[in-house]
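Fold and contact review
If you want the building blocks of each chain, they are given just below.
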Amino acid sequence: MALTRAEVEKVALLARLRLTESELATMTEQLSQIVGYVDQLSEVDADGIEPMAHAVEVVNVFAEDRVEPSLPRELALANAPRHNDRGYLVPAVLGE
Amino acid sequence: MSIVHGSAAELAKLLAAGEISSVELTRQYLDRIDRCDGEIGAFIRVDADRALEQAAAADRRRRAGEDLGPLAGLPVAVKDVLCDRDTVTTCASPMLAQFRPPYDATVVAKLKAAGAVLMGRTNMDEFAMGGSTENSAVKTTRNPWDATRTPGGSSGGSAAAVAASMAPAAIGTDTGGSIRQPAALCGVVGLKPTYGRVSRFGLVAFASSLDQVGPIGRTTQDAALVLEAIAGHEPRDATSINRPAPRYGLTVNQPLEGLKLGVVKEHFAAGLDSEVESAVRQAIETYRSLGAEIREISLPHSKYGVAAYYVIAPCEASSNLARYEGVHYGYSTDQTAMFAELNAERKRLTDAGDLQAADDLDPPLVRMYRRTRSEGFGPEVKRRIMLGTYALSAGYYDAYYLKALKVRRLIRRDFDEAFRQVDLIIGPVTAGPAFKLGEMVDDPLAMYLVDLYTVSANLAGIPAISLPCGLTQAGLPIGLQLQAPPLEEERLLRGARMFEAATQWSEKRPANHTNGRE
């Protein structure tokens with residue numbers, strides 16, 4: 001199935017990516033090719049088959065409800081590009 | 001022959017017997033890396049100082065008579081995708097070029113606790129996405145058997161390091177073949193364990209329902225030794241299987257009695273290189289001569305494996321990689337430039353009277369995300385994020401993601417059915433030997449099809465191993481794949497060892513890296 005340029009632009013926004021004009025052209029062509037290949041899944045009769053999200057279907061792994069030490073704040077913040085001593089800093093979302 | 005060409009299992013014995021010190025061994029490997037890695041490019045970083053410290057510590061503990069595990073003092077190289085609190089962990093991506101993990105991955109912690117000497121971090125396709133290591137943003141890795149060819153990927157650095165005798169063993173990860181394919185192309189042994197056998201805690205996620213950590217070594221004994229050290233239940237990975245890990249190293253040499261091997265008829269279809277086919281058929285004959293019963297079996301849905309995989313893996317990747325947004329860690333775009341760009345665009349549109357368009361411009365936060373991700377990810381990572389986002393988007397979810405999950409179950413059922421008739425499945429790892437660097441970089445679909453024989457094991461969650469079974473006329477390694485039912489790594493290793501012990505393929509070394517430079 002061929003994707004349109006407009007679809008690819010929309011997907012790029014959803015994926016929070018930005019593509020240059022030439023990336024957009026290449027991506028449209030390559031995604032169309034790949035999607036065309038995976039379209040063969042439609043040949044398979046899988047009616048009534050339970051989807052398999054995980055290879056080992058372990059269910060209900062419980063942990064005891066107990067307070068345990070977690071990652072110290074300064075370690076959690078240590079790799080942040082912008083932070084103060086309490087949290088991560090981001091551009092203003094409201095009322096810029 | 002220099003000691004660096006030995007297998008991990010042999011070296012572990014020499015270390016245990018006190019015939020060589022870990023410091024001495026580590027120095028030899030560091031020298032070897034100095035001489036060879038300029039050409040091969042297997043390592044992103046070599047941690048020489050730490051390696052020598054760990055080696056000295058292992059030697060001290062041994063002299064003090066402590067009870068040491070089989071990996072104590074043994075050099076191991078680690079793919080740059082497992083968190084190590086002592087060193088940056090980059091995933092070969094600009095996104096994580098400066099990332100210093102706040103904790104150790106379970107596998108890294110286990111290696112440290114076992115007294116292994118961590119030599120350094122090996123090259124890989126960015127975020128483990130690729131089959132040639134060419135998607136690394138750091139460097140090109142070359143195949144030690146032919147420097148114009150790829151080592152495979154994504155664990156290409158780990159496989160090349162072992163093949164070029166720069167480490168006796170290495171850690172890789174396998175989401176769709178990323179341990180087995182480079183092992184095959186580099187003529188070494190690589191094992192992908194059962195999903196859940198090895199903890200994924202601290203493994204930088206690509207596709208969480210498929211990712212699995214495993215060993216690369218010269219021999220099946222090496223793989224057994226390293227797997228033993230890294231396997232086991234670990235509560236911080238909720239998908240880790242709560243079953244004890246056997247001592248694989250103790251049983252690997254025991255042949256399997258009455259072995260029934262399944263040959264998948266769909267594997268020998270068009271597209272399989274004739275030299276690879278003939279080596280694999282020869283291997284099947286070797287097993288027959290060892291007393292194995294050979295049965296033809298069918299995995300009718302295996303031909304849909306690549307299609308299902310290239311829906312499921314990108315979907316999971318698009319979700320997993322959403323975490324890279326320039327806020328919590330990793331690369332972040334220049335905010336001054338970002339605001340300047342926004343103001344300039346807004347002014348241009350306002351001046352032109354297009355107030356609606358000015359209003360529709362990406363606001364600062366979205367703009368920061370998009371710039372950060374576009375600057376921090378390479379082309380293949382973007383392609384997979386796009387593919388996954390598309391397949392999960394409204395209107396396509398049922399046709400692609402849900403359908404792929406159903407096909408995944410059919411693939412698993414095929415295996416379950418097959419393993420009612422046979423103990424192990426035997427076949428090729430790849431359709432051909434190592435390909436030329438650059439050959440497929442502009443053709444992502446062709447690159448994806450390389451995974452034909454490997455992805456099904458990940459989709460089904462079963463263990464599989466690649467071991468050397470021949471050389472082409474041109475002198476390139478050929479890999480043999482064995483697959484086993486879930487949690488049957490012990491059977492897998494013992495079965496693989498039977499072939500290895502009956503042949504000499506695992507003793508072959510790339511010519512230009514055994515003699516010329518010594």
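Preceding this paragraph is the structure being described.
Residues numbered from 1 in each chain as written. Chains lettered and ligands numbered in written order. Predicted model: local features only at pLDDT ≥ 70, side-chain atom pairs only at ≥ 80, totals over all residues. Heavy atoms only, no water.

Some points on the pairing of strand 10 (residues 464-471) of chain B
Residues and elements named next belong to chain B. Across the eight residues of strand 10, seven count as buried, placing the element largely inside the fold. Relative to strand 10, strand 5 (residues 189-192) is paired through three bridges, and the arrangement is antiparallel. Bridge pairing links L191 to I465 in strand 10. Joining the antiparallel neighbours strand 10 and strand 11 (residues 477-483) is a turn of five residues, in which G475 adopts a positive phi near 85°. (Buried < 20%, exposed > 50% of the residue type's maximum accessible area, 1.4 Å probe, protein only. Helix = DSSP H or I, 4+ residues; strand = E, 2+ residues; numbered from the N terminus. Pairing = 2+ DSSP bridges.)

Points about the interface of chain B and chain A
On the side of chain A, 54 residues touch chain B, which itself brings 75 residues to the contact. Summed over both partners, the interface of chain B with chain A buries about 5600 Å², with 67% contributed by carbon and sulfur atoms. Among the residues of chain B in contact with chain A, B:R370, B:M386 and B:R409 are the three that bury the most area, contributing 13% of the side total. Linking chain B to chain A there are two salt bridges. Across the pair A:E23 and B:K382 runs a salt bridge whose closest N-O atoms are separated by 3.2 Å. Here chain B and chain A share 20 residue pairs in polar contact (both at pLDDT 80 or more) between them. Those elements giving two or more residues to the side of chain B that touches chain A turn out to be helix 10 (305-320), helix 11 (335-351), helix 13 (364-376), helix 14 (379-392), helix 15 (398-418), helix 16 (444-449) and helix 17 (455-460) of chain B. At 12 residues, the largest contribution of residues to the side of chain B that touches chain A is made by helix 15 of chain B. Considered class by class, the residues forming the side of chain B that touches chain A number 39 nonpolar, 16 polar and 20 charged. (Contact = heavy atoms within 4.5 Å. Buried area = accessible area lost by both parts, 1.4 Å probe. Salt bridge = Lys/Arg side-chain N within 4 Å of Asp/Glu carboxyl O. Polar contact = N/O pair within 3.5 Å; in protein donor to acceptor, adjacent residues only side chain to side chain. Nonpolar A, V, L, I, M, F, W, Y, C, P; charged D, E, K, R; others polar.)

Some details on the pattern of salt bridges
For side chains of opposite charge, pairing can occur when their charged atoms come near one another. Residues and elements named next belong to chain B. Applying the stated criterion to the full structure yields 36 salt bridges over all chains. Across the pair D80 and R121 runs a salt bridge, and its minimum N-O distance is 2.8 Å. One end of the pair, D80, is in the loop between strand 2 (75-79) and helix 4 (106-113); the other, R121, is in strand 3 (residues 117-122), and 41 residues separate them in sequence. On the basis of relative accessibility, which here comes to 1%, the residue R121 falls in the buried class.

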